[in-house]
Structures are given as structure tokens and as C-alpha cells.
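# Examining the three-dimensional arrangement
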Amino acid sequence: MINFQEVCKTYENGVRALKNVSFSVADGEFVFIVGPSGSGKSTLVKLLCAELTPTSGSVTVGEFDVGSLPRRHVPYLRREIGVVFQDFRLIADKTVYENVAFVMRVVGVPPRTIRKRVPYVLELVGIDHKADRYPDELSGGEQQRVAVARALVNNPDVILADEPTGNLDPMRSLELMTLLSEINARGTTVIVVTHAHEIVNAFKKRVITLEDGCVVSDRRGGYFGTGRIKHERE
């Protein structure tokens, strides 16, 4: 369970990025978080990953309270969240296999487990045939699949995809969202932060809309319109 309870975030320069934001995401749910630039989406992502702490209110991810979490415990929270970034962030001089295995080695997973888990996850995302290739030998869609595999490999409770289709064409974007839906169907909570309304409207999922740091809509059914919407939960 992820819970934002009356969360405010004000930066040192006085910018109020989030204003009394409240919502919960249940285990196994698929949620889009949408809104224009400057609406607070990036701040929300940073709070989820404990890069920031709230100015007031509370953010909890499972058993972790982000506001009171000691810095030494932050890596434990981040093991619960697999993050997929817009710019992929693959290591250029490592193969596909090595990129995915690397995040397991960092947290001390035994080599034998890595040898079993990495091929399984690469097959799951449909990139196992490129295991020995380097990132610059892959298409954008293939690189994004590697990024998804890397986010999945430590078996997190939550996949957080931050503008994951920003560098993909419409066909690859649809393929990626279908893949995330399939991962969600296996029981993983999926949160997708995006401004791509075409993708949101193609999937009948819950949509939380931010505007000017506030939640202005929380509805199910996949509609992402334009302009300010009254707070609504269907």
C-alpha cells in the first residue's frame, strides 16, 4: 500500500510543488498519474523514492514512512520500488545481461541466483535474444525493455515508470504499456507518471490528475482530458 496523506512540499526557493495531496494505491493496482509540466509529478516521484521528504503530511510506501525514514534505511525502501526512467539510464559498456545483473550484484544477490533470475526476466520482457548486445546496438524500444527488466529483476512490490514513453514512437509506447499491464496482471503494483493522454486513454485504468500541485481528479476508466477537472472518484 502506498499512501499520501495531506502532503505538502515547499522548496527552499518558496515554490509550493504539492499542496495537500492525498491518495492511496492498493497492492496490485495500476495507476496513471498525469498532469502538465509544473503540476508536481516530478516532486511526487522523488517523494516515492525518498529523494525528498514532505514539508508536511505523510508519505508511506509499505512499512516505510518517507518523512521519518533514516538515510541508512533508504536503500531498503528503494528495493521495494523498481524505477523505469524516460532516458533508460543503461550502462553503455555493459551488455544487456550485465546491465540487469548489475542491480542484483549491488544488493548482494548470490551469483547462482543471478544466473537463474536474469535470463527469466529478460525472457519475460521479450529481450532475451539480445542478452549479449550493448545498449548502442539496440533500438529505443529494446533499450526501454531492458530498463523494465532491470526494474523487475529484484522482484519489487512496485514498478514506478517516470515518463517511460517519452523517447518512444506511438507503436513502441503501446508495446511498453502492454508489457507493464502484463506485469501488473502478475500482481506487481504499477504506477506510470506521464503526460501522454493518448496512452492513458488507450488503457482503462485509474487516473490521478495533478494541476498546480493539487489532485484535481481521481477516476477510473482511462479518460485523461484537458483543463481543470473537479475532484472526482468513480
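Please refer to the structure placed before this passage.
Quick caveat: nothing in here was measured; it's all calculated off a predicted structure. (Residues numbered from 1 in each chain as written. Predicted model: local features only at pLDDT ≥ 70, side-chain atom pairs only at ≥ 80, totals over all residues. Heavy atoms only, no water.)

### Considerations on helix 4 (residues 111–124)
The first and last C-alpha atoms of helix 4 sit 20 Å apart over 14 residues, in line with the 20 Å expected at 1.5 Å per residue. Within the sequence span of helix 4, burial applies to Ile114, Val118, Val121 and Leu122. Elements that come into contact with the buried residues of helix 4 comprise helix 3 (96–106) and helix 5 (140–152). Trailing helix 4 by a residue or two, Gly126 shows a phi angle of about 75 degrees, which is positive. (Helix = DSSP H or I, 4+ residues; strand = E, 2+ residues; numbered from the N terminus. Expected span 1.5 Å × (residues − 1). Buried < 20%, exposed > 50% of the residue type's maximum accessible area, 1.4 Å probe, protein only. Contact = heavy atoms within 4.5 Å.)

### Here's the deal with the packing of aromatic side chains
As enumerated under the stated definition, the model contains two aromatic pairs in all. Its guanidinium or amino end placed over the ring of Tyr11, Lys9 lies 5.9 Å from that ring's centre, counting from NZ or CZ. (Phe/Tyr/Trp six-rings, centres within 6.5 Å; stacked < 30°, edge-to-face > 60°. Lys NZ or Arg CZ within 6 Å of the ring centre and 35° of its normal.)

### Concerning the sheet that holds strand 5 (residues 64–65)
Strand pairs in the sheet, formed through backbone hydrogen bonds, run parallel or antiparallel to each other. Taken in spatial order, the four strands make up an open sheet running 2-1-4-5, and their pairing is antiparallel. Among the strands making up the open sheet, the edge pair consists of strand 2 (16–25) and strand 5. In terms of strand pairing, strand 1 (residues 2–10) meets strand 2 through six bridges, oriented antiparallel. Looking at strand 2, one finds that Lys9 is bridged to Leu18. Most of the contacts of helix 1 (residues 41–48) go to strand 1, to which it runs at about 120 degrees, and overall it touches strand 1, strand 2 and strand 4 (56–61). (Pairing = 2+ DSSP bridges. Axes fitted to C-alpha atoms, helices over the stretch in contact; angles between N-to-C directions.)

### What about the nonpolar core?
By size, the foremost hydrophobic cluster in this structure holds 41 residues, and its most contacted members are Phe32, Val118, Leu122, Val148, Met177, Leu180 and Val192. Mapped by element, the contributors of at least two residues to this core are strand 3 (30–34), helix 3, helix 4, helix 5, strand 7 (158–162), helix 6 (170–185), strand 8 (189–194) and helix 7 (197–202). Considering every element that reaches this core, the biggest residue donor is helix 5, with six residues. Excluding residues within four positions of it along the chain, Val192 makes contact with Phe30, Val31, Phe32, Ile33, Ala161, Pro164, Met177 and Leu180. (Core = buried A, V, L, I, M, F, W, Y, C linked by side-chain atoms within 4.5 Å.)

### Quick notes on the packing of helix 5 against helix 6
Across the interface, helix 5 lies against helix 6 with an axial gap of 11 Å and an inter-helix angle of 20 degrees. On the basis of their axis angle, the class for helix 5 and helix 6 is roughly parallel. You can see that helix 5 and helix 6 cross each other, and the crossing is right-handed. Across the interface between the two elements, Gln144, Arg145, Val148 and Leu152 of helix 5 pack against Glu175, Leu176, Leu179, Leu180 and Ile183 of helix 6. Each residue belonging to the contact of helix 5 with helix 6 can be placed in one class, and the counts come to six nonpolar, one polar and two charged. (Parallel < 35°, antiparallel > 145°, perpendicular 65-115°, else oblique. Left-handed = near helix turned anticlockwise from the far one by under 90°. Nonpolar A, V, L, I, M, F, W, Y, C, P; charged D, E, K, R; others polar.)

### A look at the environment of Ile208
Mapped onto the secondary structure, Ile208 falls in strand 9 (residues 206–211). Overall, Ile208 belongs to the buried group, its relative accessible area being 1%. Along the sequence, Ile208 and Pro111 sit 97 residues apart, while their C-alpha atoms lie 40 Å from each other. Ignoring anything within four residues of it in the chain, the contact list for Ile208 reads Phe23, Val31, Phe32, Ile33, Val34, Val215, Ser217 and Asp218.

By themselves, these are just geometric observations and shouldn't be taken as functional.
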